[in-house]
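Below are the chains, spelled out letter by letter.
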Amino acid sequence: MKLKTILITCLFGMLAICAQAQSAMKILDTAAANFQKTKGVKITYTFSSGGEHGNGTIKLSGQKFVNDMGDMVVWFNGKTMWTLVKSNEEVNVTTPTAKEIAKMNPYAFMSLYKKGYKATMGKSSASFHEVLLTATDAKASLQNITVRIDKKTNQLQYVKMNGQGAQIEISVKSYTAQSFNDATFTFNAKNYPDVDVIDLR
């Protein structure tokens, strides 16, 4: 009788975990679909990382983005990344890794959650769903990602990424649908004549 009770308890526990994972994935799927149906968005946000805090504005269209954080501006056209540090008067040109993209793009989780991560529900509130993403590979550069999605708009509210001793937190302040041309996501040297371009590809 005791063994039967244990088996039934385990079965219900497994079913609950499966239902939770399906619910978490559905929330992320809905948020991803909501983002992808727009031609582009402009987001203002606050961020903290390694004791540093600041404000930023990011323009997104699919996988492309330009992220302005004040002294640093990052362009990504889907293949190449340009990172401008104004105080150094130089821009580095690279072919970024998924981790490097994720650090600069709060919506990068949308291309990560379906592969290599287990999704479960976190501590949701009356206004947002919280989803916890845990890497299935112990060597993954991003081990844990916490995502909060607005229940009414299905838009990103907050994301926290942990990996290899680093933590990045981003809180979205405004979200506006907007269209951009491809040139928006490519560094234009003519606009920065005094900047040294360093190609690290």
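All residue numbers refer to positions counted from 1 along the written sequence of the respective chain. Per-residue local features are limited, in this predicted model, to residues with pLDDT of at least 70; the limit for side-chain atom pairs, both in listing and counting, is 80 or more; totals at the level of whole chains, interfaces and linings are taken over all residues. To obtain the side-chain values, all non-hydrogen atoms of the structure were included, while hydrogens and water were left out.

Engineer: When you look at unusual backbone geometry in this model, what are you seeing that I'm missing?
Structural biologist: What is expected of a backbone is that most residues other than glycine have negative phi and most peptide bonds are trans. Phi is positive for glutamate 89, close to 55 degrees, though the residue is something other than glycine. Within the element layout of this structure, glutamate 89 appears in the loop between β5 (81–85) and β6 (90–94). Comment: elements are numbered from the N terminus, with helices defined as DSSP H or I runs of at least four residues and strands as E runs of at least two.

Engineer: Looking at this structure, how should I read the side chain of threonine 146?
Structural biologist: Among the secondary structure elements, threonine 146 is positioned in strand β9 (residues 144–150). Look at threonine 146 and you get buried, because its relative accessible area is 14%. When checking whether two residues touch, look at their non-hydrogen atoms; a contact exists if any pair is within 4.5 Å. Setting aside its immediate chain neighbours within four residues, threonine 146 contacts Glu130, Val131, Leu132, Tyr158, Val159 and Lys160. Any residue under 20% of the maximum accessible area for its type is buried, any over 50% is exposed, and the rest in between are partly exposed; the area is computed with a 1.4 Å probe on protein chains only.

Engineer: Quick question: what am I supposed to make of the sheet that holds strand β12 (residues 196–199) here?
Structural biologist: Paired through backbone hydrogen bonds, the strands of a sheet run either parallel or antiparallel to each other. Strands are treated as partners if at least two bridges between them are detected by DSSP. On the basis of which strands lie adjacent, the open sheet formed by 12 strands has the order β7-β8-β9-β10-β11-β1-β2-β3-β4-β5-β6-β12 and mixed pairing. Of all strands in the sheet, those bounded by a partner on one side alone are β7 (117–121) and β12. Across the sheet, the axes of successive neighbouring strands diverge by a mean angle of 20 degrees, strand direction being ignored. The pairing of β9 with strand β10 (residues 156–163) spans 6 bridges and is classified as antiparallel. Residue pairing in the sheet places isoleucine 145 in a bridge with methionine 161 of β10. The convention used is that axes are lines fitted to C-alpha atoms, helices contributing only their stretch in contact, and that angles between N-to-C directions extend from 0 to 180 degrees.

Engineer: Looking at this model, I keep getting lost on the packing of aromatic side chains. Mind explaining?
Structural biologist: Two numbers describe a pair of aromatic rings. These are the distance of the centres and the angle of the planes. Side-chain rings of Phe, Tyr and Trp (the six-membered ring for Trp) are treated as a pair once their centres are within 6.5 Å; stacked means planes under 30 degrees apart, edge-to-face means over 60, and tilted covers the remaining angles. Within the structure shown, the criterion is met by 6 aromatic pairs. Between the aromatic rings of tyrosine 45 and phenylalanine 47, the centroid separation amounts to 6.2 Å while the plane-to-plane angle is 50 degrees, which identifies the pairing as tilted. For the pair tryptophan 75 and phenylalanine 187, a centre-to-centre distance of 5.2 Å together with 70 degrees between the ring planes defines the contact as edge-to-face. Here the residue tryptophan 75 occupies a position in strand β4 (residues 72–76), and phenylalanine 187 occupies one in the loop between β11 (166–177) and β12, the gap between them amounting to 112 residues. You can call phenylalanine 187 buried: its relative accessible area is 9%. Charges are assigned to positions over rings by a cutoff of 6 Å between ring centre and Lys NZ or Arg CZ, combined with an angular limit of 35 degrees from the ring normal. The residue whose ring lies beneath arginine 148 is tyrosine 158, and the NZ or CZ to ring-centre distance is 4.5 Å.

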